[in-house]
Amino acid sequence: MSERAKSVLLFLLVLLSILLTCQLWFGRQTAEEVAENGYEPVYFEEPRPLAQMILPERISIYGDGQCYRVRPGDPDFNLFWGALSGMLQEISEPGHYYYGESLPQEAELCLSLQFKPFLPLGPESVWLKSRRSGELAGMQIWRSADRCWAVLEVNESAAELLLLPPQWGAQLAGLHDQFVPAANQLCEELAPGELKLSRGAAVTVTAPIYVPAGEPVIDELVLKPELLDRELLLKTFFINRNLVREIKERDGGLIYTDGEQGMRLGNGLDYSHPRLEQKPVNLSYTAALLTAGKLLGYHGGWPGNLRLVSLHPEDEDEDSPKGLYRAQWYSYFEGYPLLGDSGVVMSYYHGGLMSYRRSLYELHYTSGNKVPVSDFQEALKAAVMILADEGVEQFTLEEMDLAYYFTGMRAIPVWLIRLNGRELILKAVELIPPEGWEP
């Protein structure tokens, strides 16, 4: 072989060696390797947009000296909140509408909304985007003919008065005029002051509370557990399934763990990742809200009747990890929250779950039992007696409303009463705690 041929061959071998080395360093994995070792993002549903994540805790409508409450799922609830939410999103320069004077004497209260958790405002939000950041706790709409004013109750700030643009004022006034209340929407106001009960007992009311009036009748419901795709659920938590062990419990529950995180299926879903390592990130309220919604959508989804009821940081004390947040959701049936061992609660960092409890139920059928609700005064008296038996002598009423309580695959009507910071639940008829609940 000539020297020239040897040189060409040597050059080709060196070039081939370089190509093979590049293939090893930078080349693509085979399809089998990608499927086995790569991470394919999986989730149950896309995250909800911010505008769909929060609803008012309550909407009250006033007219002819009466107060009416519309509840989630009611067409009137969707109608009024859709208009008000759209208004807050469309007002791009709220500074143009701030009203420096007091409300006109002829103005009358027509709508009131309360938010729990708060509604985010400002640049990160979709509501009043041009305003400085803030958290809306409540809003009142006052009207005089077709002119409307909004009183914004911003958390930890003085109330702000907004003169609404003419087109929005006219629309809200029209909706208010067209509202035809149903009998079960009528409320009775408990005004601030001392509320006398029988047997000499008295309860202090520090702020107006509206309770259902008349004799409400509520259906008892039969529920069934939600069904989730188990394989998809596992993929949302465990990247490498080859490391996951399955452990079967005697009661039929299943435990999955890879040594760092664990998940249990049986009577709902329980997940924990106690050694999650992440640098503390102080999320804004809006960012924490969006993160919670994203995690819920990824790990099981967000059913239509599920509502966010609480969102707050968990680092108030020195022993808690920094940057940890807690979010909680309740299912709502016929406008009432389902209490008891039901709902979703999660603790999370920016982008990662630390713990997750999900126990949701769907409506199977209405049992046919229409439960007549006991008078609110009788329910309040029964709650007072529970605390009085513990030695409590003074009572402050903070909240009172109807709800459902989950027991034995049934949703039974109950009174939810908050006295002296204590949450008391009583059956709507017998006025005793339901099974499984202790005061």
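Residues numbered from 1 in each chain as written. Predicted model: local features only at pLDDT ≥ 70, side-chain atom pairs only at ≥ 80, totals over all residues. Heavy atoms only, no water.

The secondary structure content of the chain amounts to seven helices and 24 strands. By residue count, 45% of the 439 residues in the chain fall in the buried class. Put simply, of all contacts in the chain between residues at least 6 apart along the chain, 61% involve residues at least 24 apart. Approximately 23,300 Å² of the chain is accessible, and the part contributed by carbon and sulfur atoms is 51%. (Helix = DSSP H or I, 4+ residues; strand = E, 2+ residues; numbered from the N terminus. Buried < 20%, exposed > 50% of the residue type's maximum accessible area, 1.4 Å probe, protein only. Contact = heavy atoms within 4.5 Å. Areas by Shrake-Rupley, 256 points an atom, 1.4 Å probe, with all protein chains shown as cover.)

The topology assignment puts Glu188 in strand E7 (residues 186–190). A C-alpha to C-alpha distance of 6.2 Å links Glu188 and Pro212, two positions 24 residues apart in sequence.

One pass over the full model with this rule turns up 13 aromatic pairs. If you follow Arg307 out to its NZ or CZ, it ends over the ring of Tyr332, 4.6 Å from the centre. (Phe/Tyr/Trp six-rings, centres within 6.5 Å; stacked < 30°, edge-to-face > 60°. Lys NZ or Arg CZ within 6 Å of the ring centre and 35° of its normal.)

Below, the discussion takes up the pairing of strand E8 (residues 193–196). In terms of strand pairing, E8 meets strand E9 (residues 202–205) through four bridges, oriented antiparallel. Across the sheet, the residue bridging to Lys196 is Ala202, located in E9. Remark: five residues form the turn of the hairpin made by E8 and E9, two consecutive strands paired antiparallel; Arg199 in that turn has positive phi of roughly 65°. (Pairing = 2+ DSSP bridges.)

Let's shift gears to the side chain of Arg307. In this fold, Arg307 is placed in strand E16 (residues 306–313). Of the buried charged residues, Arg307 lacks a salt bridge, with Glu57 as the closest side chain of opposite charge at 7.1 Å. The residues contacting Arg307, other than those within four sequence positions of it, are Leu55, Pro56, Glu57, Pro72, Gln328, Trp329, Tyr330 and Tyr332. (Lys, Arg positive; Asp, Glu negative; His and termini not counted. Salt bridge = Lys/Arg side-chain N within 4 Å of Asp/Glu carboxyl O.)

Moving on: helix H7 (residues 376–388). Note that an α-helix has 3.6 residues per turn; residues three or four places apart therefore point the same way. Relative to the 18 Å expected for 13 residues at 1.5 Å per residue, H7 spans 18 Å between its end C-alpha atoms, a close match to the ideal helical length. Every buried residue belonging to H7 is among Phe376, Ala379, Leu380, Lys381, Ala382, Ala383, Val384, Ile386 and Leu387, and all of these are buried. (Expected span 1.5 Å × (residues − 1).)

Turning our attention to helix H6 (residues 285–298). In this model, H6 (14 residues) spans 20 Å end to end at C-alpha, consistent with the 20 Å of a helix rising 1.5 Å per residue. Counted residue by residue, H6 has ten buried out of 14 residues, so it is predominantly covered. Turning to H6, the residues buried within the fold contact strand E3 (108–121), strand E4 (134–144), E16, strand E17 (325–333), strand E19 (343–349) and strand E20 (352–359). Gly300 lies just past H6 and shows a positive phi near 120°.

Turning next to the confidence of the model for the chain. The predicted coordinates ought not to be read in detail in places where the model reports low pLDDT. Residues with a pLDDT of 70 or more make up 87% of the chain, whose mean pLDDT is 87. Predicted confidence for residues 24–39 stays below pLDDT 50, and this span has six contacts to residues more than four positions away or in other chains. (pLDDT = per-residue confidence, 0-100.)

This next bit is on the sheet that holds strand E6 (residues 160–163). Judged by pairing direction, the sheet is antiparallel, and its eight strands sit side by side in the order E6-E5-E4-E3-E1-E2-E7-E10 without closing on themselves. With one partner strand each, in any of the chains shown, E6 and strand E10 (209–212) form the two edges of the open sheet. Here the strands of the sheet are splayed against their neighbours by 30° on average, with no regard to which way each runs. Pairing geometry for E7 and E10, over four bridges, is antiparallel. Across the sheet, the residue bridging to Glu188 is Val211, located in E10. (Axes fitted to C-alpha atoms, helices over the stretch in contact; angles between N-to-C directions.)

The next point concerns the pattern of salt bridges. Counted by the stated rule, this structure contains 20 salt bridges. Note that Arg357 and Asp270 form a salt bridge whose closest N and O atoms lie 2.7 Å from each other. Pair noted here: Arg357 is in strand E20 and Asp270 is in strand E15 (residues 269–272), with a separation of 87 residues, a long-range link. The class for Asp270 is partly exposed, based on a relative accessible area of 32%. Residue Arg418 pairs with Glu423 through a salt bridge whose shortest N-O separation is 2.6 Å. When its relative accessible area of 35% is taken as the criterion, Glu423 is described as partly exposed. Where salt bridges share partners, they join Arg69, Arg71 and Asp401 into one cluster.

The next point concerns the environment of Tyr325. Mapped onto the fold, Tyr325 is located in strand E17. It is 7.4 Å that separates the C-alpha atoms of Tyr325 and Ala288, two residues lying 37 residues apart in sequence. Tyr325 has contacts with Val281, Asn282, Leu283, Ala288, His312, Pro313, Glu314, Met346, Ser347 and Tyr348, leaving out every residue within four places of it along the chain. Here the side chain of Tyr325 touches Leu283 through a polar contact of 2.9 Å, landing on its backbone oxygen. (Polar contact = N/O pair within 3.5 Å; in protein donor to acceptor, adjacent residues only side chain to side chain.)

Before going further, it helps to spend a moment on empty space enclosed by the protein. Counted under the stated rule, the structure contains one cavity of 30 Å³ or more. Taken as a whole, the largest cavity encloses approximately 70 Å³ of empty space. When its residues are assigned to classes, the lining of the largest cavity shows six nonpolar, two polar and two charged. (1 Å grid on protein atoms, 1.4 Å probe; cavity = no way out; pocket = protein on both sides within 12 Å on 5 of 7 lines; lining within 4 Å. Points joined across faces, edges and corners; volume = space filled by probe spheres on them. Nonpolar A, V, L, I, M, F, W, Y, C, P; charged D, E, K, R; others polar.)

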